Structure formats: structure tokens, C-alpha cells
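So the chains spell out like this:
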Amino acid sequence: MLELTNLHASVVPEDGPAREILKGVSLSVPKGEVHAVMGPNGSGKSTLSYVLTGRNGYDVTDGAATFDGDDLLSLEPEARAAKGVFLSFQYPLEIAGVPVLTFVRAALNAQHKARGEPEVSAPDFLRKSREAAAKLKIDPDMLKRPLNVGFSGGEKKRLEIFQMLMLAPRFMILDETDSGLDIDALKVVAEGVNALRSPERSMLVITHYQRLLDYIKPDKVHVLSAGRIVASGGPDLALRLEKEGYDGVIEEAA
Amino acid sequence: MASSRASLHPPRSAEEQALIERYAHLPADASRRAAIEAFEKTGLPHRRVEGWRWSDVRAAVRGLECKTVAEPPDPFHSQAEGSLYFYDDGLPSRGRIAAGVKIDELAIGAGSGDVAAMPLAALTAALASGPAVTSLDISSDTVEPIRLHFDSRCDGQFRRVEITLRKGVTARVLESHVAGAGFSSVLVDYRLEADATLHRVVYQAGADTAVQAANARVWLGHGARLVQTALGFGAKLARIETRVTHGAGASEAILNGAYLAGKGRHVDFTSHVGHDMPGCVTRQIVKGAARAGGRGVFQGKFLVARDAQKTDANMEHHALLLEDGAEVNAKPELEIYADDVQCAHGNTAGAIDEDALFYIRQRGVPEREARAMLTESFINEAFGAADPAIADILTAEARQWLLAPQ
Amino acid sequence: MPADDVTKQARPRDRSPGGAKAGIDAGTVAAARALESDKYAEGFFTDIEQEMAPKGLNEDTVRFISAKKEEPEWLLQWRLEAFERWKQMEEPSWALISYPPIDYQDAYYYAAPKNAAKYKSIDEVPQEILDTYAKLGIPLKEQEVLLGVEGAVETAAAARETPRVAVDAVFDSISVATTFKAELAKAGVIFMSISEAVREHPELVKQYLGSVVPVTDNFFATLNSAVFSDGTFVYIPKGVRCPMELSTYFRMNAKGTGQFERTLIIADEGSYVSYLEGCTAPMRDENQLHAAVVELVALGDAEIKYSTVQNWWPGDAEGKGGIYNFVTKRGDCRGPRSKISWTQVETGSAITWKYPSCILRGDDSQGEFYSIAVTNGRQQADTGTKMIHLGKNTRSRIISKGISAGGSNNTYRGLVSVHPRAAKARNFTQCDSLLIGHTAGAHTVPYVENRRSDAQLEHEATTTKLSDDQLFYARQRGLDEEAAVALLVNGFVRDVIQKLPMEFAVEAQKLLEVSLEGSVG
Ligand SMILES: Nc1ncnc2c1ncn2[C@@H]1O[C@H](COP(=O)(O)OP(=O)(O)OP(=O)(O)O)[C@@H](O)[C@H]1O
Ligand SMILES: [Mg+2]
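Worth saying up front: this structure is predicted, and the values here are computed from it rather than measured.

Draft legend 1. Representation of the overall build of chain B. Of regular secondary structure, chain B possesses seven helices and 19 strands. For a compact globule of 406 residues, the expected C-alpha radius of gyration is about 22 Å, and chain B comes in at 20 Å, within 12% of that figure. When the 406 residues of chain B are sorted by exposure, 61% land in the buried category. The contacts in chain B between residues at least 6 apart in sequence include a share of 86% that link residues at least 24 apart. Taken as a whole, chain B presents about 14200 Å² of accessible surface, with 52% of it coming from carbon and sulfur. For chain B, the separation between the mean place of its 44 positive charges and that of its 52 negative charges on side chains is 3 Å.

This is the structure:
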């Protein structure tokens, strides 16, 4: 489903020279699979998620990324979203003045329109949102507030997954969705994520902890270090990392 | 910074001459004469006069084209109850006016007050057509808003209105200033007696062949409250100017507004709040957006007199430049002579937050809509104090502008 | 000049190095209070034989000044053209200041210690003048330099101990001494009075004079162009980091004179210089005019840091006398990645009218303005900056702290202007005003002009009084009211004080205290 070959990317900060962060990432996530990406702070995990979703300020200098065989990198962010690529942000944005439901509805309709599907009727939308909120134990009043404004760290993460349930994407990138969640919330959120697992959908789960992977069982685990994938393996690789830390595993790979 | 002092006796322009001739055809009385004399001293304000550096009226009225353009629609049109329509030169035509509102058409106005600071107010007092002053005396609460509709075609128009809110009365006034062409100027003087509340809404829209001024002076009695919300789309040049005086203490003013300047439009929000007495509160949020070829101006001033202790005043102006070729100028000013005060202002001008834009696009919303969504929510904050029904109308107007093809 | 011209004789303050370094503590507060009514320590007058131009201003005055300085013809013509233009200009009236009309004919435009132009070395400088600078507390080591030319400081050990500062001392209309010239010359740095520079480096002066502040820029700058008498010239060659701080100390001494100095600093590509300026004048009942022009040019990758501690006589508590300080200061970031930083501590003058500005012409250039303006008594200050963004990625930062006490008025006036070519311009402005007592005024008048959709301009301003709660807290811990005020004021201005070179920071803090003395209670 997602194919990355020798992907090189640099950040271009506002004031300063470009800096290469991804130094040749190759990765293949077949349909229906869940892959976990782990790696030390600053190794480029979030950068990878931004490059895949088309954020400004990141230049792809070499390599390719295809989605269902089509080039992903030349598309606008909204076109990638319409194809079904969803990013649960490590640091969700606050958007003053736009209530959650208004926002999600606008996004859903835009995606449907881009794909040539009919609009979702208002009653259907409301029913769906009520169900999703219930599943994630989100207070419906929260959905009337401006997006993420004044929400706690955990509430923001929960709201990312709420949007994911509503938009039902085909490829999900979860960037440290577990950070900031309490133990019960982690379980609730993981159940929400698992509800979307299907043979048609794939996931890239970025995390530092085994805890999340206990709930969302990955098919494969990759270790990203200094912009390169230095080790790949089955779910047991995550367990090893938990025990031995990154240093040992990375050294061995080198 | 201003270059140097504007000379007191500038050579008169053809347009100024025409305005003075227009005065000659009106009934002569001492009030008009004093006003025209005041105007003759300053002439039409221009960019070398502090307070007009970004809004050069003298240049804007030069060679004002007269195309037969209908004025833009008035969004409050459906609210016909309690309306006063100021068309052409005649007496205002009326819809049904609520009981408790007494209307007088005065042939001779009282003095026009301190017009030195407001040169177009002087001009308006001198040239007011129909009655010299239309006076409204509101002595009981009105549920339905009173609607004042001013429009202008090639000949322009000058109108003067006085509105008094008696003690403890709550009233709502909707002012629509729509102009298809010509040079028009309106002066509305509000006087709020103790504990009165005025909800004032100002809507302005004009063609790029019109020059408009909506001048207002609001005097607040003890414990009185002004809640003002304005939306301006500009014209060739439009100035929406409000001068508020906290005249007796413990009063409150909310002075919100939004301007949206499209191609060929200039919109100027100017306000002056005099804290003359202690314990008064002013809150101001002005939001603006400009497209290529559009220019927005915000000038806000709080003047806190020595005796106005415990003043609490906050001014915010934030503008978005939606495209290159847009221009926004701002002068948020504080002049403070009392020490026990809390006064602050914030001003920003720039682009839409790129991170927020990316976030929305990541969810699948196309860039243009994402920008409109962010701009709309940004602008909407200025309508937060208005009645919800009115806020909805203003939001819809703003949205239409945002989504209109460029 | 008869001795009774001296209106007041104040004792000089203790400026021993130990005292100066002590910073703000109870000791300094006590020392400051001991001054009592003689708050203005620099208010003494030096009795020395002067040579003056005839009173008044006309073409002959301009020719007189030019002749006195043995100037070349081109400079005389330049002055005369300026004078012609000035006669047609009107005095600006937009600032929030008021003063009786200035009679430009009732002043002397040139005053110099007799034979001053002929001083060949410091040994020829009259003892009275040397004593003047000694009294002004120019750090001890510097005094020795002024006295001995090759004195103690130039020994290596002493030099390592004291941060060295080269000084150009301007006394009324002329520069009387410039120190460390030889050593600076070794690094290729030119540091001399502008009169000397006209003679020795005419090509540099001709190229840059008036290139930042055009002759016709404004009423006071044009007046200065016609009658400027002396000032400092600095040139830092390519790639040179100036080995020491440079400074000019301005002293107005003669009665009934104006001071019109001209400073020109050029930092060639990749160079760096930090420059300090100090100013004082005797206490007099009359108002004296000071209309200076400062021009800075930073070429590619160069940086100029310009600091001012302005302590002209502010007039007495009733507003009698004091300096009218109408100054035009402007820096041109002419090359890419250049940087100009203005830091000012303004405590003196009856009237201050001054807007040190940056023209951000080079791509990626930066401008900064850090200001503390304190007014007390009847002082009026209208000061701020202009940041003109012309180049791409230009950035500016403005931090202004105004403190108004007594019956004074203090205005911040600033312009941030982003031109259509200035892609991604950035500005951050913070203006805070502090009111002490209920008879002062604090005003903020920012102008923001933006013509770029990708610019990011932010402005914040607050006006508050000293917090009663904080005052009480400090007093509960044992500080008396004045010390508590000093403490809080220090906190208020901290951001800016930190931008000053060490030596000046201490000086500035002391000045603040003295200026605010008697403002509470
Ligand atoms: N806009 C930027 N400007 C400068 N540096 C950046 C920018 N974005 C990312 N970087 C740098 O790129 C590197 C990779 O950052 P990234 O956020 O991808 O790391 P990460 O693996 O997600 O780390 P974490 O586990 O802490 O979330 C870091 O060194 C970071 O500082
Ligand atoms: Mg990360």
C-alpha cells in the first residue's frame, strides 16, 4: 500500500540553512498491516510523518514515496487526505473559533467531494459523531467547543482519534498518540484504533513504548535512528527495545 | 511618522469649492454657518493631517466617477420594523416606529460640538439635507431594533441624526451605510443617560466609485453601556469613525468591528475613546482582512484623563493580509494621564498561521476553503458581543466575501 | 565669563570603580539620597576662556563655522545648501511635546575653548577641561589616559583588568581629545573627530556624510547639516572586530549655546563595533538646544551596536531651564546580513525628541531598538524608533520601557513599515509604560504599515502603575519605599539594561535611581 524507497528529506527552518533529517528511508507497508516505528528522540519520526502528509518546510531531496502505486509526494496535503492518508499529530493544533463538529463536517464533505462521493446528510453525520464520541468516552459538549482550544493534552489526543473514526481513512499515521493519555484513556483510544483495523487499511504507529503495542499489535517493528531504518523485525523487536534500550539494538545493527 | 504640520490655509480644491457652493443652496442658520466656517478652516482632510495619513479624503473625492451603480444590498433589509430610510435629499421615510420612540425633524440643529477633531462631522452638520437634524428620543425599551438606512448615488448625501436614550432604557440600532457612488457623510450623535444600554450595529459597503464617512459620537452617562459591532467592506474610501466619551463614570464600552477590504476598496476604522471619568471600562477587538488591491486602516486611541482612575481599557487589532498587494496600516494609541489604570493594546498583522492551515488540509479540506475557514473564525471573534441573530447575518456577509471568486 | 553665571554648584558623585560596580543595593540608594536637592551631579560649570561665533544664525554664521574648521569648499557649499533649505522648513509639531517657540537668532552656534583647535596632544588641553571630565566620572583609568596620553592604562596588566574604552571628548562645539588613536590605527580603525576626518579622510566623509540622513531629512537635521560643529568619525575596515569599545563624551558648557554634533560610523563588510555615547550639561535657567545627527552605515555582515546614556540637564523641578534635545539618529543596514542595534537610556533633557531608526535594506539584515526613557519633574520625552523593512527576511525587535514620574510626559512613538519587496519580514515590538504618581502622563503611539502578506508583525503594549502589592511585599521585607521603588523599577527595565555594555549598565542603573528620586511619597 505504502512504499518508501531511499527517501531523503531536509527541514528548511525559517532562519537558517536546510538540514538533512531523513537519510534514505526504505519501507513497505502492505495492505492490512500495522507497522510500528520506534527510535530515539530527534531521529526523524515526526519528520517522516510530515513528509508523507506534505507539510511545508520539508524538502524531499531524493527517493520516492508511492501510495497504491501512485506518487504521493507531488500531491497537495488535502489530496493526500482525500486518498485516505490520515495523520494523528504528535502536537495537535488549536484552532480558535472553529467548533470541532463544524470542522470535522467540513473535512468529511471535502473528502467525499474530492472522491466524487455524495455528501453525508446532517442527521447521519450527527448520529455517527455521537457514536464515535461514545466509543471514545468523549463528552458531547466538548465537540461544540473550538477545536482543541483549552483542551488538555490527553483530550487533544482523544480528539485526534475521534476525527480518525469520523473520517475513516485507509492509511493511518499515529505519531505518539499514546503520550499524554492516562492508562484508561490509552485503552479506550486503542480500542477505537483497533475498530478501524481491516484488511483494506494499514497503519504506521510511531511510539516510544511497548504499552501501546500491547493493545495495537503490530505486524512489523522498525527502528529509525539518525534518519535511517537500522533494524526491522517482528513484534518481539519492540520487547527487546523495551528491555535493552535503543543503544544496544542500534549498535548491534551498525 | 507625520511629515510636518499641515498648513492651515491650503489652496481650495475644486471639490472643496463645490461643497461650499452646495452649502450656499441650503437654508442659512447660525449652526450651519459655524459648521461650514469650521470646515473652511481645515478643508477636506488629507494625508498630511495626522489622523488622515492613510486615508486621504481630498484625493479620494477628486474625479469621483459617477456611474449609475446601485448601492450594495442592505443585509438588514428584511427587518423593516422601525426603519428610517434616508434617501436622496428628502425627509426620511419611515416604517412603523415603536411606541416610546419620538421622532422630530428639526429645521435648525444645535451646535455641532467640537468638530475640530472630526472635520467631516463639521461638513456633515453644514450640509445636512432634509431636516437639519433628525432627532430620536427613546424613552422605553425597544425589542425590535431601530433601523437607519443611508444610501448614496452620484450626488452623495449628508445626514445628521441625534439619538437620546433616556435613563435605564435599552435600545438597539442598526445603521446601514451603503453607497453606489458619490461622496456621502453621516453624523449620528448618541447620548446615553444613566444606566442606558445601546446595542449599535454599523454595516458599511460601497462601490469603488463612492467615498463614505460614517461618523458617530457617543456620550455615555453614569453606568451606561455601549455595545458596538461594525462590519465594513470599504469603498473607494470609507471611514467608519466613532468617538466615545465616558462622561459620568462607571460606564462600559465595547467597540468591536471587522473590516474586509477587497480589490479597489479602502476601509478605515478609526475610534477615539475618552475616559474622562473614573471607573470606566473599554473593550475593543477589531479584526481585518485585505486582499490584493485592498487597503485596511485601523486607528484606535484611548485617552485617559487625570481623574479617570481605575480605568480598565484594552484594545486589540489583528489583521490578515490574504494576498500580496494587500495593505494594512495600524495606529493603536494610548494617551494616559492617570496612574491607577490597566491599559493595554495588542496589534498583529500578517499571514494565516501556516501550521493551522496544514492541519486543516491534512484532514482533507482544500486550501482555499481552509483559508476561508480560518479567516472566517478569525473575523467572527469581532461579532461575539452582538445579538446572535445579528452576528449570524454579519458572519454570512463575511463568508460570502471570503468565498467570492477573486 | 563671570563666575555668577554658574547657577548651581553640585558636588560630583562618587564614581570610584568600587562604588560604580556595587550596583543597586541599599548603599547606592543611600548615596543617591545623600545628594538631596543636588540631584543633578553633572550640573557644574567650567570657567574657561571661550571663543564664540557672533550670536544668531545667518549665512555668515555658517561661513564662520566652516572657516574656523578650515573646511574644504565642498563642505561649505553643502552647509550653505542645507541652510537655504532650512530657512524654508517648518518646525515639526506632531510630537506630544510643548515648549515656547525657540528663537533661533538668540543663541550661539559655535563655542570653543580658546585655541582648542590647535591642541596637538593631550598635554595642551587646559587643566580645567581635564578636571571637567574627571568630575564627570569618566572611569578613573580613562582619566589617566586623558591626562597622560601614555599613562598607566596602556601598561598591559592594567589593560587586562579594565575593559578599555577609547574616548572622544567633545566640549561644546569641538573635540578636545581622542584617546587610544594610535592603538586603534594599528587595527586599521579610524577613530577621530569629524573635523579631523574631513581633513584626513575626505573621500570617506564625502562618500557617506548625509547618505543615511539626507540634508533635507527634517527641520532639525537640516539645521544640524548647516551648523554642525564637531562630533565623531569611525571607520572599521573589512573583517575587523574593533578591539575596544569606542565612546564619545559630549559636554555642553558655554552659556547660550547650542550643540550640533555630527557622528558618522561606517562598519565595512564583516566588521564589528560597539560604540557608547554619554552627554551632560551644566544647570542653567535657560533652555539650550541640542540638535545632533548620527549616521550609521553597516555593510554586508557588519554589526554596529550603539549605546547612549543621555543625561543632559533636565531643568529644575518647576521646569525652568534644561536642554531641548532634538536628535536624528539613523542606521542603514546597507549590506546583506548586517545588523544595527540601538540601546538608549534617556534620563535627561527638558525635551527629548528622538527616534533612532534602522533602514533594513540588505536582505537578512536585522535592526534592534532597546530603550529606557525616564521622565520626572516637568520633563517631556517623545521618543521611539522607525524600522523600515526593505530587504527580504529582514527582522526587527523593539523593546521600549517608559517611566513617567512627577509632572512629566513620556511618549513612545514608533514606526514599523514593511515594503512590498520585504518578503517574510518580521517585527516584534513591546512597549511598556510605568506611571509613578498621579500627575504624570504615559503615551504610546505606534504606527504599523504592512504591505506583505507573509510578514509577521506583533506589537504589545501595556501601561500600569507600580504594583502596591509588590511594593508592600518589598517593604514588608524591610526595604524603605524608595529602595522598594528602585528595586521594582530595576525589574521593569531589566530586559533593556542587559543589552548595555557592562560599564554603562551600572551607570545607567544609578542614573535611573537619581532621576526618580523624590517621585514617591
Ligand atoms: N522546523 C524545524 N527546524 C529545525 N529543526 C527541525 C525542524 N523540524 C525538525 N527538526 C529537527 O529534525 C530532527 C528530527 O525531528 P523529529 O521531530 O522528526 O524527531 P522525532 O523522531 O519525532 O523525535 P521525538 O521522539 O522527540 O518526537 C530533530 O533534530 C529536530 O530538531
Ligand atoms: Mg516526534
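Additional details are given in the paragraphs that follow.
Draft legend 2. Representation of the overall build of chain A. When helices and strands are counted, chain A shows eight helices and ten strands. At 18 Å, chain A has a C-alpha radius of gyration in line with the 18 Å of a compact globule built from 254 residues. Referenced to the eigenvectors of the C-alpha coordinate spread, the extents of chain A come out at roughly 55 × 40 × 40 Å. Scored against the burial criterion, the 254 residues of chain A give a buried share of 52%. Look at the contacts in chain A between residues 6 or more apart in sequence, and 70% of them connect residues 24 or more apart. Summed over its atoms, the accessible surface of chain A is roughly 11100 Å², and 51% of this surface lies on carbon and sulfur atoms.

Draft legend 3. Highlighting the environment of C:Gly322. All names here are of chain C. Checked against the element boundaries, Gly322 lands in strand β13 (residues 322-333). Judged by its relative accessible area of 1%, Gly322 falls in the buried class. In this structure, the C-alpha to C-alpha distance between Gly322 and Ile403, residues 81 residues apart in sequence, is 19 Å.

Draft legend 4. Structural view of the sheet that holds strand β3 (residues 34-38) of chain A. Residues and elements named next belong to chain A. On the basis of which strands lie adjacent, the open sheet formed by six strands has the order β6-β7-β8-β3-β9-β10 and mixed pairing. Each end of this open sheet is capped by a strand with a single partner; those strands are β6 (85-88) and β10 (228-233). Adjacent strand axes in the sheet meet at a mean angle of 20 degrees, parallel and antiparallel pairs treated alike. Both strand β7 (residues 171-175) and strand β8 (residues 202-206) contribute to a ladder of five bridges, which runs parallel. In the sheet register, Leu174 faces β8, and the bridge partner there is Val205.

Draft legend 5. Fine view of the nonpolar core. Core analysis: the largest hydrophobic core is formed by 114 residues, its most contacted members being A:Leu4, A:Leu52, A:Phe162, A:Leu204 and A:Ile216. Residue contacts for A:Leu52: discarding those within four places in its chain leaves A:Leu2, A:Leu4, A:Ala65, A:Leu72, A:Arg80, A:Ile173 and A:Leu204. Core analysis: the second largest hydrophobic core is formed by 98 residues, B:Ile103, C:Phe191, C:Val418 and C:Cys431 among them.

Draft legend 6. Quick peek at the coordination of the magnesium ion (ligand 2). Residues and elements named next belong to chain A. The coordination sphere of the magnesium ion (ligand 2), as far as protein atoms go, consists of Ser46 (OG) and Gln90 (OE1), spread over 2.0 to 2.1 Å. Taken as a pair, Ser46 in helix α1 (residues 45-53) and Gln90 in the loop between β6 and α3 (100-114) lie far apart in primary sequence, 44 residues in all. Gln90 carries the same exposure label as Ser46, and that label is buried.

Draft legend 7. Up close: the interface of chain C and chain B. Taken together, the contacts link 42 residues of chain C with 40 residues of chain B. Taken over both partners, the interface formed by chain C and chain B buries close to 3300 Å², and the fraction arising from carbon and sulfur atoms is 49%. Looking only at chain C, the three residues that lose the most surface to chain B are C:Trp94, C:Tyr447 and C:Ser453, adding up to 18% of its buried area. The tally of links from chain C across to chain B stands at four salt bridges. Counting across the chain C and chain B interface gives 17 residue pairs in polar contact (both at pLDDT 80 or more). Listing elements by their share of the side of chain C that touches chain B, those giving two or more residues are β21 (409-418), β23 (441-450) and β24 (456-465) of chain C. Considering only residue class, the side of chain C that touches chain B consists of 14 nonpolar, 17 polar and eleven charged. Here six bridges tie strand β18 (residues 327-336) of chain B to β23(C), and the two strands are oriented antiparallel to one another. Its bridge partner lying in β23(C), B:Asn329 is registered against C:Glu449.

Draft legend 8. Main features of the site of ligand 1. Residues and elements named next belong to chain A. Around ligand 1, the surrounding shell holds 16 residues, and the nearest of these are Gly42, Lys45, Ser46, Thr47 and His208. Gly42 has a polar backbone atom sitting 2.9 Å from an oxygen atom of ligand 1. With respect to ligand 1, the side chain of Thr47 contributes an N or O atom lying 2.5 Å from an oxygen atom. About the coverage of ligand 1: the protein hides 68% of its 630 Å² of free accessible area.

Draft legend 9. Structural view of the pairing of strand β7 (residues 170-179) of chain B. All names here are of chain B. Counting buried positions along β7 gives eight out of ten residues, so the element sits mostly inside the fold. Relative to β7, strand β5 (residues 146-152) is paired through seven bridges, and the arrangement is parallel. Counterpart to Ser152 in the pairing with β7 is Ala179. Both β7 and strand β9 (residues 197-206) contribute to a ladder of ten bridges, which runs parallel. Bridging across to β9, Glu175 finds its partner in Val202.

Draft legend 10. Quick peek at the interface of chain B and chain A. Contact residues are listed per partner, giving 17 residues for chain B and 29 residues for chain A. Both sides of the chain B and chain A interface together cover about 1900 Å² of buried area, and 63% of this is carbon and sulfur. Of all residues in chain B, B:Phe358, B:Tyr359 and B:Arg363 bury the most surface against chain A, accounting for 40% of the area lost on that side. Measuring nitrogen to oxygen at the nearest pair gives 2.6 Å for the salt bridge that ties B:Arg363 to A:Glu160. Applying the counting criterion to the chain B and chain A interface returns 13 residue pairs in polar contact (both at pLDDT 80 or more). Of all the elements in the fold, those that place two or more residues in the side of chain B that touches chain A are α5 (354-362) and α6 (367-380) of chain B. If one sorts the elements of the side of chain B that touches chain A by residue count, α5(B) sits on top with eight residues.

Draft legend 11. Expanded view of the state of the cysteines. Following the criterion strictly, the structure yields one disulfide over all chains and no others. In this model B:Cys66 forms its disulfide with B:Cys154; the gap between the sulfur atoms is 1.5 Å. Because the torsion about its S-S bond is 85 degrees, the bridge between B:Cys66 and B:Cys154 counts as right-handed. Of this pair, B:Cys66 sits in the loop between α3 (57-60) and β1 (83-86) while B:Cys154 is found in the loop between β5 and β6 (158-165), placing the two residues 88 residues apart along the sequence. Not engaged in a disulfide, the cysteine B:Cys343 finds its nearest cysteine sulfur in B:Cys280; these two sulfurs lie 12 Å apart. The cysteine C:Cys333 is free of any disulfide, with C:Cys358 supplying the nearest cysteine sulfur at 5.5 Å.

Draft legend 12. Molecular detail of the confidence of the model for chain B. Residues and elements named next belong to chain B. Mean pLDDT over chain B works out to 90, with 94% of the residues at or above the 70 mark. Counting interchain partners and residues more than four positions distant, the pLDDT-below-50 stretch residues 1-8 has 24 contacts. Prediction confidence for the complex, expressed as pTM and ipTM, is 0.84 and 0.88 respectively.

Draft legend 13. Inspection of the pairing of strand β1 (residues 2-11) of chain A at higher detail. All names here are of chain A. Most of β1 sits inside the fold, with seven of its ten residues counted as buried. Note: β1 against strand β2 (residues 19-29), eight bridges, orientation antiparallel. By the bridge assignment, Leu4 is partnered in β2 with Leu27. Judged from the eight bridges that link them, β1 and strand β4 (residues 58-67) form a sheet pairing that is antiparallel. By the bridge assignment for β4, Val11 is matched with Tyr58.

Draft legend 14. Structural detail: the packing of aromatic side chains. With the rule as written, the count across this model stands at 32 aromatic pairs over all chains. Judged by centre distance (5.1 Å) and plane angle (90 degrees), the ring pair of C:Phe219 and C:Phe220 falls under edge-to-face. Residue classification places C:Phe219 among the buried positions, given a relative accessible area of 6%. On the accessibility criterion, C:Phe220 (1% relative accessible area) is buried. Taken together, the ring pairs in this structure connect C:Phe83, C:Trp86, C:Trp94, C:Tyr99, C:Tyr104, C:Phe219, C:Phe220, C:Tyr324, C:Phe326, C:Trp353 and C:Tyr355 into an aromatic cluster. Geometry around A:Phe125 places A:Arg105 over its ring, the cationic atom sitting 5.8 Å from the centre. We note C:Arg262 situated over the ring of C:Phe228; from NZ or CZ to the ring centre the distance is 5.8 Å.

Cut-offs applied
Residues numbered from 1 in each chain as written. Chains lettered and ligands numbered in written order. Predicted model: local features only at pLDDT ≥ 70, side-chain atom pairs only at ≥ 80, totals over all residues. Heavy atoms only, no water. Helix = DSSP H or I, 4+ residues; strand = E, 2+ residues; numbered from the N terminus. Rg over C-alpha atoms; globule rule 2.2 N^0.38 Å. Buried < 20%, exposed > 50% of the residue type's maximum accessible area, 1.4 Å probe, protein only. Contact = heavy atoms within 4.5 Å. Areas by Shrake-Rupley, 256 points an atom, 1.4 Å probe, with all protein chains shown as cover. Lys, Arg positive; Asp, Glu negative; His and termini not counted. Charge placed at Lys NZ, Arg CZ, Asp CG, Glu CD. Pairing = 2+ DSSP bridges. Axes fitted to C-alpha atoms, helices over the stretch in contact; angles between N-to-C directions. Core = buried A, V, L, I, M, F, W, Y, C linked by side-chain atoms within 4.5 Å. Donors = N, O, S within 2.8 Å, 3.2 Å for Na, K, Ca; no water. Buried area = accessible area lost by both parts, 1.4 Å probe. Salt bridge = Lys/Arg side-chain N within 4 Å of Asp/Glu carboxyl O. Polar contact = N/O pair within 3.5 Å; in protein donor to acceptor, adjacent residues only side chain to side chain. Nonpolar A, V, L, I, M, F, W, Y, C, P; charged D, E, K, R; others polar. Near = heavy atom within 4 Å. Disulfide = S-S within 2.5 Å. pLDDT = per-residue confidence, 0-100. Phe/Tyr/Trp six-rings, centres within 6.5 Å; stacked < 30°, edge-to-face > 60°. Lys NZ or Arg CZ within 6 Å of the ring centre and 35° of its normal.

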